[in-house]
Amino acid sequence: MAEAADFQGTSASPARRWLRRAGALLAGTPLLAGLLQLPAAAPAQAAASDTVSVSLDSLSPSAPTDGDTLTVSGTVTNKGKQTVTDAHVGLRVGPSLTTRSAIDAVTRHSDEAQSGSGAEVGGKYEEDFDKLAPGVAEHFSISVPVDKLDLGEDGVYELGVALSGQTSAQRWDQLLGIRRTLLPWQPSDADTKTKTTFLWPLLSAVHMTAKTGAGDLQTPEFLDDDLAGELAPGGRLAQMVELGKDLDVTWVIDPDLLASVDAMAVGNYRLQGAGGTGTPGSREHQAVAKQWLASLQKAVTGKEVVALPFADPDLASLAHNGTRVTGSLSHLKDATDVAATTVKTVLHVTPSTDFAWPVNGAVDPSIMKVATSAGADRVIARSDSLQETAGLPYTPSAARPVGGGTTAVVADSRLSTAFEGDLTKAGSATLAVQRFLAQSLQLNTQTDKQRSIVVAPQRMPTASQAQAMAAALTALQGGTWSQPQDLTATSKDKPDPNATTRIPSTSAYPSSLRRQELPRAAFEQIARTQSKLDGFRVVLTDQSRVVTPFGRAINREMSASWRGRSGEADSYRGDVEAWLDELADQVKLIDKSETKLSGRSATIPVTVQNNLVQPVGHLVLRLESTMPTRLKIGGKAYDEQPVEISGGHSQSVKFTTSANANGRVAVIAQLYTQDGVRYGDPVSFDVKVTEVTPTVMLVIGGGVLLLVLAGFRMYTQRKRAAARQAGEDGPGTAGESPDEPGNPEAPGDRLPEESDSASGARDPEQPSDPAPDTAPESADPSGTGERVDR
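All values reported here derive from a predicted model rather than from experimental measurement.

A look at the overall build of the protein chain
Each helix and strand counted, the protein chain has 23 helices and 30 strands in total. Of the accessible surface of the protein chain, which amounts to about 37,900 Å², a share of 52% is contributed by carbon and sulfur atoms.

A few points about helix α18 (residues 520-537)
Counted at 1.5 Å a residue, the expected span for α18 with its 18 residues is 26 Å, and the 26 Å between its end C-alpha atoms agrees. Those residues of α18 that sit buried are A522, F523, Q525, I526, T529, Q530, L533 and F536. The buried residues of α18 occupy an angular sector of 155° when the element is viewed end-on, so they sit on one face. Looking at the buried residues of α18, the elements they touch are α10 (315-322), α11 (328-347), α19 (544-557), α20 (566-584) and β30 (678-689).

Re the sheet that holds strand β26 (residues 631-633)
What the 4 strands build is an open sheet, ordered β22-β24-β28-β26; its pairing is antiparallel. Strand pairing shows two members of the sheet lacking a second neighbour, β22 (587-589) and β26, which therefore form its edges. Direction aside, the axes of adjacent strands within the sheet are offset by 35° on average. Note that β22 and strand β24 (residues 601-610) share 3 bridges and pair antiparallel.

Examining the pairing of strand β2 (residues 69-78)
In the sheet, strand β1 (residues 52-60) pairs with β2 via 8 bridges, with the strands oriented antiparallel. For L59, the partnering residue across the bridge sits in β2 and is V72. As defined by bridge partners, β2 adjoins strand β6 (residues 137-145) across 9 bridges and the pair is classed as antiparallel. Residue pairing for β6: T71 is matched across the bridge by S143.

Quick notes on the nonpolar core
Taken as a class, soluble globular proteins show a tendency for nonpolar side chains to be buried jointly. One finds F536, F550, L589, L621, L623 and V643 to be the most contacted residues of the largest nonpolar core, which totals 75 residues. Here this core takes 6 residues from α20, the largest share from any one element. V156, V261, L271 and V346 belong to the second-largest nonpolar core, a separate cluster that totals 66 residues.

Here we look at empty space enclosed by the protein
Under the defined criterion, the tally for this structure stands at 3 cavities of 30 Å³ or more. Estimates place the volume of the largest cavity at around 80 Å³. Every residue lining the largest cavity is counted, 13 residues in all, and those nearest its centre are P309, T336, T353, F355 and A376. Those elements that place two or more of their residues in the lining of the largest cavity are α11 and β16 (355-356). With 3 residues, the single largest contributor to the lining of the largest cavity is α11. Tallied by class, residues from the lining of the largest cavity come to 11 nonpolar, 2 polar and no charged.

Some remarks on the packing of α18 against α20
At a minimum axis separation of 10 Å, α18 and α20 run at an interaxial angle of 20°. The orientation of α18 with respect to α20, classified from their angle, is roughly parallel. Relative to α20, the crossing made by α18 is left-handed. Here A522, Q525, I526, R528, T529, K532, L533 and F536 of α18 come into contact with α20, specifically with R573, G574, V576, E577, L580, D581, L583 and A584. In terms of residue class, the contact of α18 with α20 is built from 8 nonpolar, 3 polar and 5 charged.

Section: the packing of aromatic side chains
According to the stated counting rule, one finds 5 aromatic pairs in the structure shown. Note on F222 and Y269: the rings are 5.1 Å apart at their centroids and 65° apart in plane angle, and the pair reads as edge-to-face. With F222 in strand β11 (residues 220-222) and Y269 in the loop between α8 (255-266) and β13 (270-271), the pair connects residues that are 47 residues apart, well separated along the chain. Residue classification places F222 among the buried residues on the basis of a relative accessible area of 1%. Among the residues examined, Y269 registers a relative accessible area of 1% and is labelled buried.

Quick word on the pairing of strand β29 (residues 663-673)
Pairing of strand β25 (residues 616-625) with β29, which is carried by 7 bridges, proceeds in the antiparallel orientation. Across the sheet, the residue bridging to R622 is Q670, located in β29. Examined bridge by bridge, β29 and β30 share 9 bridges and lie antiparallel to one another. Counterpart to L671 in the pairing with β30 is Y679.

Quick look at the environment of V52
Within the secondary structure, V52 is located in strand β1. Residues V52 and G80 lie 28 residues apart in sequence; the distance between their C-alpha atoms is 7.1 Å. Residue contacts for V52: discarding those within four places in its chain leaves V76, T77, N78, K79, V84, L163, L176 and G177.

Notes on the sheet that holds strand β14 (residues 279-280)
Read from one edge to the other, the open sheet built from 4 strands follows the order β10-β11-β13-β14, with strand pairing classed as mixed. Bordering the open sheet on either side are β10 (208-212) and β14, each of which pairs with just one other strand. Two elements, β13 and β14, share 2 bridges in a ladder whose sense is antiparallel. Residue L271 lies in a different strand from β14, and its bridge partner there is T279. The strands touched by α8 are β10 and β11; relative to β11, the strand with the most contacts, the crossing angle is about 110°.

Describing the confidence of the model for the protein chain
Mean pLDDT over the protein chain works out to 84, with 83% of the residues at or above the 70 mark. Within the model, pLDDT remains below 50 along residues 1-48, and this stretch shows 30 contacts once partners closer than five positions in the same chain are excluded. Scored below 50 in pLDDT, residues 731-790 shows 38 contacts in the model against residues more than four places distant or in partner chains.

Brief notes about unusual backbone geometry
Each neighbour pair has its own omega, and for S60 with P61 the value is -5°, a cis peptide bond. By secondary structure assignment, the location of P61 is in the loop between β1 and β2. Despite not being glycine, A311 shows a phi value in the positive range, around 75°. Counting through the fold element by element, A311 comes out in the loop between β15 (305-307) and α10. According to the relative accessible area criterion, A311 is buried, its value standing at 0%.

Notes on the packing of α8 against α11
Where α8 meets α11, the closest approach of the two axes is 9 Å, and the angle between their N-to-C directions is 45°. What the angle tells us is that α8 and α11 run oblique. Between α8 and α11 the crossing geometry is left-handed. Residues P255, L258, A259 and D262 of α8 touch α11, and the partners they reach there are A339, T342, V343, V346 and L347. Here the residues of the contact of α8 with α11 sort into 7 nonpolar, 1 polar and 1 charged.

Let's talk about the side chain of T673
Along the chain, T673 turns up in strand β29. Polar contacts involving the side chain of T673 include one to the side chain of D675, which spans 2.2 Å. T673 has contacts with G535, V538, V539, H618, L619 and Y679, leaving out every residue within four places of it along the chain.

Cut-offs used in this document
- Residues numbered from 1 in each chain as written.
- Predicted model: local features only at pLDDT ≥ 70, side-chain atom pairs only at ≥ 80, totals over all residues.
- Heavy atoms only, no water.
- Helix = DSSP H or I, 4+ residues; strand = E, 2+ residues; numbered from the N terminus.
- Areas by Shrake-Rupley, 256 points an atom, 1.4 Å probe, with all protein chains shown as cover.
- Expected span 1.5 Å × (residues − 1).
- Buried < 20%, exposed > 50% of the residue type's maximum accessible area, 1.4 Å probe, protein only.
- Arc of directions from axis to C-beta.
- Contact = heavy atoms within 4.5 Å.
- Pairing = 2+ DSSP bridges.
- Axes fitted to C-alpha atoms, helices over the stretch in contact; angles between N-to-C directions.
- Core = buried A, V, L, I, M, F, W, Y, C linked by side-chain atoms within 4.5 Å.
- 1 Å grid on protein atoms, 1.4 Å probe; cavity = no way out; pocket = protein on both sides within 12 Å on 5 of 7 lines; lining within 4 Å.
- Points joined across faces, edges and corners; volume = space filled by probe spheres on them.
- Nonpolar A, V, L, I, M, F, W, Y, C, P; charged D, E, K, R; others polar.
- Parallel < 35°, antiparallel > 145°, perpendicular 65-115°, else oblique.
- Left-handed = near helix turned anticlockwise from the far one by under 90°.
- Phe/Tyr/Trp six-rings, centres within 6.5 Å; stacked < 30°, edge-to-face > 60°.
- pLDDT = per-residue confidence, 0-100.
- Polar contact = N/O pair within 3.5 Å; in protein donor to acceptor, adjacent residues only side chain to side chain.

Here's what the structure looks like:
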C-alpha cells in the first residue's frame, strides 16, 4: 500500500527508493526463492522487529479533531550489531479498539509487531534514513493531516510508529522496530459526556520532629532540609502547584504539609544534627516557603479543597494492627479535628473533612469502620478493590451507598494508575498520556448513560508524573467527551442501582499492601508515648508548649508515608519518645547523700529541680521512712507537701522528723501528681540517728542523783563528828573567846578539809573525777530550723 502510494505520490525520494528495491529484488531472485520456502514470513519479521528501538517522544495533538495535523516525533536507535540501511519511519493506523481490555493489551505490548498494527500511511508522510549505525540514535518527526489517517467512526485507534529497512544479513525491506500507542478520535462533542473528577494530591513525607526551641517562638526542628527542595522552582511540590492552578481539579491536601511549610516560612526553623545540636535553617529556604504558600493560596481560590486527617494516617494499618491497642482510634479523631483548623489558618479556605482515603483505595470491612470512626462518611475506594460482580457491560458511576450512611466513592483503577512508574523519559510520559485519554474515551462510549468518574492518582506523584498528569488533563478538559466536576458533587450523584456495594472481605486485602503496614508494636509504642505525655502535661502551667508539638508528632508516627520505610518509621517513633523522656526528666529530685540527725527531732530538706522554661505545679513530694518505729516523718510513716517551682529554678522542701532510737534508717523521696500517679524516679538515702535516747538520759540522771545523795551523806556525817568532838572538849573550851587565835570553832576560821568538803569542790588530783573527753550534749529537742549534715 505504501509502495502504491509512492507511484501516485509526490516525493522523488520514495520513488527512487522503490526502484532500488525492485532492482535488488530482481538481482536476488535465487535468494528469494530460498526464502519463500520458509514456513512463514511473519515470524521472521517479528523476530527482527526488536533490532531497532523506537521511542515516541511526543504526539500532538493528543486527541485530534477534524482539520488537525498530527505531529509525531521521537528517536530510533539501532540496538543490533549490523548497520541498518535504506530505512524509513512511517505511521501505521490499526483498527478501532472496542474494549478497555484491548487498550490494555496494546499498552502491555507496545513494542511488539502484530498483525493488528495496520498498514503504513506511506507517501510523503515518512522520514528516511540512509543508514543507522549500531548504537546510534536518530531523531525523527512526521506530520500528517488527520484526514490522511483514514480514521472511521468515533473511538480509540491503535497507532504504530514503525521503522523498516535492511541489514547486511537480511537484504530485503522488513519491519525492524515499532512503538504502538493509542489515538483517541472524537472530532465532535459526544451526545453524553462523562463527568470526571480528578484528585490533585498535595502530600509529602514527614519532615518535622517533636522538638521545639525553648524561646517564646518555640523554634521547630526538622529531620532534614528535603522539603525545601520540593518547594523550590522545579521541585515536585512546586510543579504540583504550578501545574494545578490552571486545571479543574479537587485539591486533596495533608494539613501537616501546610504546617511544615508555614513553620519554614517563619524563618526560625532548625535542622536536626548529630548529638542533638541543630543548625539554623536557610534564609533562602524561608523565602522559598513563603513564595510557595502564596502561590498555593492563589491556586486554590475558588476550587474545592479536601483536607485529609493531619499527617495522613495509615487507615489500613490502624484497622488491621492498631484497633486492639487502647487509645489508637483517638489519635485519628485528633488528626481529623485539627485538619480543618490548619488548612483554614494557612490557606484561608474552608476545606471539606468528610472524606477518608485509604492507601491505593484498598478497602475491607475493618478499614471502612476505622475510616468513618472520626466523622468521615465518604471513603475514596478504587475499582480494583471494590470490584464489579454483576457483569455490567459498562463502568458505573463512582458513588456507592454501602450501608450505615456511608458512601464509597470508587475511583477508576485504570485511569488512576495511568501515571505510575518512571515517566522521566519523554517516551514513557507520552504513552501514559495517550493511554489515559484512550481509556477515558472508551469509558464514555460504553453507554449512553451519563456517569460520574473519579481519578485518584498516587499520593505523591513525582515532578515528571505530575507533568504527564497535567498534559493528559489539559487535553481531556479541552476535549469533546468529558466535563469536570468536584468530588463532593460526584459523591452526591445518583448511584447506579446495578453497581456492586459489597465491601470485599479482609482476606481479599492485597498482601503486598499488608506487608507495608505499621505493625502492632508501633501502635503500642505510640500508646506508651501518649501515656507519658498525659503524665507530663498535668504538671505544666502552659501545656500547649508540649502537648501541641508532641500531639502532632504522634499523628506523624501513624502517617501513610512510612510505607516502605519501616526503619525510618522506627527511628522517628523512638526519637519522639526519647525527647519526651528527656523533657519530663527536667523536673526531678536531686540525689541526696546520707543525713545525720544529732537530736531527737530535726528537719530534712529534699531538693526538687525544674530545668524547664515554664513553671511547674500540681506536684506532691512524699518523704517516707522505711522504719517508722525508729524514725517518723511528720509524726507518721510518711509526709507529703505540695510543690510549685518556677522555670529554671530549684526548691528545697523541708520535712520534720522525730527519732526514737539510734541507728541508720532508709528514707525514700518520690514525686507524685495530684491525682496520685508517680512522677519521675524516686531518690533514696539513709538517715543516721545519733541522739541521746531517753533510757540513757534516765541512767545518767540516776547516777547524778546518787552522787548528790552521797555528798550530802558525807556532809552530815562530818557535822555530827564535829559536834561530838565539841562535847568531849568540855565546858571550858566553850568559854574561850571566839576571837582568839587557834580556836577551831572561830567563825572566821575553817579547816581547809571541811571547807572543801562542805563546798563540794572537786580536787583535780582525785582519781574518781577524770576530765571529760566529749563535749556536753543537750538533751533538749532540736529546733525545726536546725541545720542537718547532708
